[in-house]
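# Fold and geometry: a report
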Amino acid sequence: MTKLAKISFSKTDVPKKGVAVLLASDNLDLGKTAGEAVSGLEGGLERAAGIAGFSGKKKSSLDLVAPSGVGLDRLIVFGIGKSEDLTDEDWRGLGGTVFAALAKAKAGTADVLLDAPEGVEISAQAAAEFAMGAKLRAYSFDAYKSKKKGEEPEKDLKLTLKVADPKAARKSWSGSEAIADGVILARDLVNAPANILGPVEFAKKAAELEKLGVEIDILTEKEMKKLKMAALLGVAQGSARPPRLAVMRWNGGKKADAPVAFVGKGVTFDTGGISIKPAGGMEDMKGDMGGAAAVVGAMHAVAARKAKANVIGVIGLVENMPDGNAQRPGDIVTAMSGTTIEILNTDAEGRLVLADALWYTQEKYKPSIMIDLATLTGAVLVALGNLNAGLFANDDDLAEKLLSSAKASGEPLWRLPLSKGYDKMIDTPNADVKNTGGRWAGSVTAAQFLQRFANGVPWAHLDIAGTAFGAPKTDICQSWASGYGVRLLNQLVADHYEG
């Protein structure tokens with residue numbers, strides 16, 4: 001196994017020894033310095049490429065061990081296709097792919113020559129995205145794995161990116177690294193086992209953001225009872241582990257500016273309660289706090305890069321267990337808003353947690369917008385699979401901003417409908433609303449339920465049940481937990497809410 005120990009930047013020059021990585025576009029076009037690097041290669045790059053069938057096609061590679069004539073131990077050439085068409089997402093993916101190849105080669109140090117064909121500039125931002133991709137691909141969750149006797153020790157890789165303007169690249173990387181670290185934090189939280197990470201422990205993890213200048217408030221069960229958060233507390237009452245509501249405030253904007261608010265579902269383990277889930281796959285429910293993890297990761301990102309915006313993160317933290325004290329199907333609770341809720345299914349618990357968290361957020365902090373994130377419904381998986389998160393919004397402008405930032409960040413969204421017609425599906429004769437509308441349009445009726453607690457504030461709900469964990473492996477994520485939502489939320493702040 002290889003660990004990415006360090007990423008550094010230096011001036012573009014010809015690598016002389018060790019492992020070197022070069023980039024080739026279509027038809028084996030190389031940058032000027034890369035051309036110099038292979039000028040002594042016996043038979044030229046064309047000969048080796050011809051034998052291997054390498055043409056510079058995107059995501060292809062040519063690996064030469066001890067190439068004669070250049071003095072390198074190893075030369076790996078990666079195809080980038082048409083270099084002028086590469087997006088930030090492409091550069092991130094390339095960074096991940098390059099790291100994987102270097103890890104497979106068990107390289108200890110490597111120089112990557114970010115040098116493209118003449119007339120094509122590789123920007124400082126592209127270099128930072130490449131570095132981010134490498135760092136995210138290098139992530140692995142092995143905190144609880146014992147080292148076996150005789151096992152090969154972990155290999156440290158020091159990666160040097162050779163760029164036209166190292167100073168500019170370092171500056172871009174400082175912001176991008178803050179985002180990458182936020183993603184890694186979110187992955188660590190989602191991957192952590194529930195016996196280690198309960199509501200109290202999760203709140204303490206959120207409180208560690210104080211070292212970045214984030215102001216922290218942790219509400220206990222006693223304080224939430226005073227606020228009459230019976231919806232959230234009802235979910236928690238079956239667990240021996242007490243609930244928490246963690247509030248994180250980053251004040252990087254003007255004092256008078258209303259904050260942007262992110263609200264996360266943090267069910268640290270979800271058995272389904274009395275409406276207990278089937279045993280098969282229940283272990284995955286340690287990840288039912290993926291929304292809260294994304295909020296904590298996003299708060300890390302905006303604080304670490306010192307975003308010029310006021311941002312608030314609120315996470316409702318509970319465990320849903322089938323104890324003798326657990327709430328029952330048929331119970332009626334009164335949320336903080338005064339809305340009465342009939343509990344038809346105790347496994348539709350995330351919306352109860354968010355109901356009180358959303359109301360508390362809008363009432364106390366008067367945000368300009370609210371966005372909640374939650375691993376909320378299996379129905380969104382049926383609709384969208386693992387490739388897109390579901391977007392619901394009561395405000396078209398906010399929805400468009402989110403879709404734009406989703407595209408830019410590489411964390412895709414697909415908008416789904418809200419309408420009064422769906423509200424009828426969660427009407428009940430026994431209370432103001434019931435907590436599930438049944439099998440049909442399950443992700444929509446869940447969003448309709450949440451909309452009632454936005455109280456008219458521009459609001460969006462992101463159902464990330466298919467993307468927070470268990471999604472297909474990518475060039476930048478080989479982990480069960482993806483950290484989905486961190487890059488998206490950070491991008492939204494950067495694109496639309498910084499002064």
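Located above this text is the structure these notes cover.
Right, let's walk through the structure included here. (Residues numbered from 1 in each chain as written. Predicted model: local features only at pLDDT ≥ 70, side-chain atom pairs only at ≥ 80, totals over all residues. Heavy atoms only, no water.)

Another aspect to go through is the overall build of the protein chain. Secondary structure assignment for the protein chain yields 15 helices and 18 strands. Over its C-alpha trace the protein chain gives a radius of gyration of 25 Å, about what one expects of a compact globule, namely 23 Å for 499 residues. Going through the 499 residues of the protein chain one by one, you find that 56% of them count as buried. For the protein chain, long-range pairs separated by at least 24 residues make up 79% of all intrachain contacts whose partners lie at least 6 apart in sequence. Side chains of the protein chain carry 60 positive and 60 negative charges; the gap between the two charge centres is 3 Å. (Helix = DSSP H or I, 4+ residues; strand = E, 2+ residues; numbered from the N terminus. Rg over C-alpha atoms; globule rule 2.2 N^0.38 Å. Buried < 20%, exposed > 50% of the residue type's maximum accessible area, 1.4 Å probe, protein only. Contact = heavy atoms within 4.5 Å. Lys, Arg positive; Asp, Glu negative; His and termini not counted. Charge placed at Lys NZ, Arg CZ, Asp CG, Glu CD.)

With mixed pairing, the three strands of this open sheet are ordered in space as S12-S13-S17. In the strand order of this sheet, the two ends are held by strand S12 (332-334) and strand S17 (433-434), each with one partner. Here S12 runs beside strand S13 (residues 340-342); their pairing, made up of three bridges, is antiparallel. Looking at the pairing, Thr334 lines up with Thr340 of S13. (Pairing = 2+ DSSP bridges.)

Taken as a whole, this structure holds four aromatic pairs when the rule is applied. Ring centres 4.7 Å apart and planes at 25 degrees place the aromatic pair Phe469 and Trp480 in the stacked group. A residue pair is termed long-range when its members are at least 10 positions apart, and Phe469 in the loop between strand S18 (459-463) and helix H15 (486-496) and Trp480 in the loop between S18 and H15 qualify at 11 residues. Owing to a relative accessible area of 25%, Trp480 belongs among the partly exposed residues under this scheme. Lying over the aromatic face of Tyr365, Lys364 brings its terminal NZ or CZ to 5.8 Å of the ring centre. (Phe/Tyr/Trp six-rings, centres within 6.5 Å; stacked < 30°, edge-to-face > 60°. Lys NZ or Arg CZ within 6 Å of the ring centre and 35° of its normal.)

Our next topic: the pairing of strand S9 (residues 244-251). With respect to burial, S9 is a largely interior element, seven of its eight residues being buried. Pairing between strand S8 (residues 215-219) and S9: five bridges, direction antiparallel. Each bridged residue has a counterpart across the sheet, and for Glu215 the counterpart in S9 is Arg249.

In this section: helix H14 (residues 442-451). Taking burial as the measure, the 10 residues of H14 include nine buried ones, the bulk of the element. Those residues of H14 not exposed but buried are Gly442, Ser443, Val444, Thr445, Ala446, Ala447, Gln448, Phe449 and Leu450.

Below, the discussion takes up the packing of helix H10 (residues 350-365) against H14. Packing of H10 against H14 brings their axes to within 9 Å, and their N-to-C directions diverge by 25 degrees. With respect to H14, the element H10 is oriented roughly parallel. For the pair H10 and H14, the crossing hand works out as right-handed. Mapping the contact onto sequence places Arg351, Leu352, Leu354, Ala355 and Leu358 in H10 and Ala446, Phe449 and Leu450 in H14. Its residues assigned to classes, the contact of H10 with H14 comprises seven nonpolar, no polar and one charged. (Axes fitted to C-alpha atoms, helices over the stretch in contact; angles between N-to-C directions. Parallel < 35°, antiparallel > 145°, perpendicular 65-115°, else oblique. Left-handed = near helix turned anticlockwise from the far one by under 90°. Nonpolar A, V, L, I, M, F, W, Y, C, P; charged D, E, K, R; others polar.)

This part takes up the side chain of Thr271. Relative to the assigned elements, Thr271 resides in the loop between strand S10 (260-270) and helix H9 (290-304). On the accessibility criterion, Thr271 (7% relative accessible area) is buried. A distance of 3.0 Å separates a polar side-chain atom of Thr271 from the backbone nitrogen of Gly273. Of note is the side chain of Thr271, whose polar atom sits 2.8 Å from the backbone oxygen of Asn320. In contact with Thr271, not counting residues within four places along its chain, are Ile276, Lys277, Met282, Asn320, Met321 and Pro322. (Polar contact = N/O pair within 3.5 Å; in protein donor to acceptor, adjacent residues only side chain to side chain.)

The next point concerns the pattern of salt bridges. Going through the model one piece at a time under the given rule, you end up with 23 salt bridges. Between Arg92 and Glu129 there is a salt bridge, with its nearest N and O atoms 2.8 Å apart. With Arg92 in helix H3 (residues 88-104) and Glu129 in helix H4 (residues 124-138), the pair connects residues that are 37 residues apart, well separated along the chain. Given a relative accessible area of 7%, Glu129 falls into the buried group. Asp288 serves as the salt-bridge partner of Lys265, at 3.0 Å between the closest nitrogen and oxygen. Of this pair, Lys265 sits in strand S10 while Asp288 is found in the loop between S10 and H9, placing the two residues 23 residues apart along the sequence. (Salt bridge = Lys/Arg side-chain N within 4 Å of Asp/Glu carboxyl O.)

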